[in-house]
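Descriptive structure summary
Here are the chains, one letter per residue:
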Amino acid sequence: MLGRTDDEPVELECPECGTVFKVPAKVAEKGKVRCPRGHEFAVMGMLGGDGDRRGS
Ligand SMILES: [Zn+2]
């Protein structure tokens with residue numbers, strides 16, 4: 001939890017159109033985001049945090 005908040009922006013690149021945009025970490029952690037152009041895609045392995053490593 002140190003140095004990390006749910007409001008911390010995460011930079012993502014849309015695989016459909018290549019647009020780079022930011023979403024709050026709490027949104028990215030849901031696993032799906034929508035780029036500004038309306039493409040919805042899954043977020044996997046793009047977060048530097050512990051989102052998918054719970055229980056380690
Ligand atoms: Zn897009």
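Let me begin by describing the structure that accompanies this report. (Residues numbered from 1 in each chain as written. Predicted model: local features only at pLDDT ≥ 70, side-chain atom pairs only at ≥ 80, totals over all residues. Heavy atoms only, no water.)

1. A look at the coordination of the zinc ion
Put simply, the test is: Coordination partners: N, O, S within 2.8 Å of the metal, 3.2 Å for Na, K and Ca; water not considered, so apparent gaps in a site are possible. When four donors show all angles between 85 and 135 degrees the site is tetrahedral, when four or six donors have opposite pairs over 155 degrees and all other angles between 65 and 115 it is square planar or octahedral respectively, and in every other case it is irregular. To qualify as a helix, a DSSP run of H or I must reach at least 4 residues; to qualify as a strand, a run of E must reach at least 2; elements of each kind are numbered from the N terminus.
For the zinc ion, the full set of protein donor atoms is Cys14 (SG), Cys17 (SG), Cys35 (SG) and His39 (ND1), at a range of 1.9 to 2.4 Å. One way to put it: the four donor atoms around the zinc ion meet at angles of 105 to 114°, and that makes the site tetrahedral. When the donor residues of the zinc ion are listed from N- to C-terminus, their spacing reads C-x2-C-x17-C-x3-H. Here Cys14, found in the loop between β1 (9-13) and β2 (20-24), pairs with Cys35, found in the loop between β3 (32-34) and β4 (40-42); they are 21 residues apart in sequence, far enough to count as distant.

2. Observations regarding the nonpolar core
Where we set the bar: Put simply, a nonpolar core is a bunch of buried Ala, Val, Leu, Ile, Met, Phe, Trp, Tyr and Cys residues held in one set by side-chain atoms that sit within 4.5 Å of each other. Partly exposed describes any residue whose relative accessible area lies between the buried limit of under 20% and the exposed limit of over 50%, with all areas from a 1.4 Å probe on protein chains only and scaled to the type maximum. By the convention used here, residues are in contact when the closest approach between their heavy atoms is within 4.5 Å.
Counting 11 residues, the largest nonpolar core consists of Val10, Leu12, Cys14, Phe21, Val23, Ala25, Ala28, Val33, Cys35, Phe41 and Val43. Those elements that provide at least two residues to this core are β1, β2 and α1 (25-28). Not counting residues within four places of it along the chain, the set of residues in contact with Val43 comprises Leu12, Ala28, Gly31 and Val33.

3. Regarding the pairing of β2
In summary, the side chains of a regular strand alternate between the two faces of the sheet. Short version of the rule: By this definition, two strands are paired if DSSP reports at least two bridges between them.
Only one face of β2 is covered, namely the face carrying Phe21 and Val23; the face carrying Val20, Lys22 and Pro24 is uncovered. In terms of strand pairing, β1 meets β2 through five bridges, oriented antiparallel. By the bridge assignment for β2, Glu11 is matched with Lys22. Between β1 and β2, which pair antiparallel in sequence order, lie six residues; one of them, Gly18, sits at a positive phi of approximately 80°.

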